[in-house]
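Summary of the model geometry
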Amino acid sequence: MDNMDIMILKSLRKNARLTASAMSEEIGLSVSAVIERIKKLENSGIIKGYTIDVDQAKMGNTMVALMDVSLKHPDYYDGFVELVKENDSIEACYYQTGEFDFVLRIVTDNTEGLDNVYKVIKGYEGVANTETHIVLRTIKEETAIV
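Let me begin by describing the structure that accompanies this report. (Residues numbered from 1 in each chain as written. Predicted model: local features only at pLDDT ≥ 70, side-chain atom pairs only at ≥ 80, totals over all residues. Heavy atoms only, no water.)

1. Regarding the packing of aromatic side chains
- Counting across every chain of the model gives six aromatic pairs.
- Ring centres of Phe80 and Phe102 lie 4.7 Å apart, and the angle between their planes is 40°; on these two criteria the pair is classed as tilted. Of the two residues, Phe80 sits in helix H4 (residues 77-86) while Phe102 sits in strand S3 (residues 102-108), which places them 22 residues apart along the sequence.
- Measuring from centroid to centroid gives 5.2 Å for Tyr95 and Phe102, while their planes differ by 45°, and the two rings are tilted.
- On the basis of relative accessible area, Tyr95 is assigned to the exposed category, the value being 58%.
- Within the aromatic cluster, the residues linked to one another by ring pairs are Tyr76, Tyr77, Phe80, Tyr95, Phe102 and Tyr124. (Phe/Tyr/Trp six-rings, centres within 6.5 Å; stacked < 30°, edge-to-face > 60°. Helix = DSSP H or I, 4+ residues; strand = E, 2+ residues; numbered from the N terminus. Buried < 20%, exposed > 50% of the residue type's maximum accessible area, 1.4 Å probe, protein only.)

Here you go:
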């Protein structure tokens, strides 16, 4: 991967619907070279897919929280991961080092929705401890391309 591939990825991050022609003008490569490079990025798995960026607030989902979760024992890992995957309000889950085993990003419409997720997580028998933080404002949220 070289600087041209990085430029293509950054262009697609801004607008995944950008045409190869427009991207060609933006980064100074021929249209066919842009198409070929995108196909290589897709085939190599660097580009995993294309998606939309939804404005959660405009959808009515104004409650964002980060929840730290620690498990009683590693034996509960697989069950907890399945529980998280099944919950549509959990936007992201990271397995981490430190005092807590996981951090969850929860997006919901109000405090009642957050409480529902909280009850599901706390109700899982393998959960030892949680700590929840309400997000006041998102300063930066984008896929890193370095």
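2. Let's talk about the nonpolar core
- In terms of nonpolar packing, the biggest core is built from 18 residues, with Val69, Phe80, Ile90, Leu104, Ile106, Ile121 and Val127 touching the most fellow members.
- Where this core is concerned, the elements lending two or more residues are strand S1 (63-71), H4, S3 and helix H5 (111-123).
- Ranked by the residues each element gives to this core, the list is headed by S1, at five residues.
- In this structure, Ile8, Met23, Val34 and Ile145 belong to the second largest nonpolar core, which totals 14 residues. (Core = buried A, V, L, I, M, F, W, Y, C linked by side-chain atoms within 4.5 Å.)

Geometric descriptors of this kind do not, in isolation, establish any biological role.
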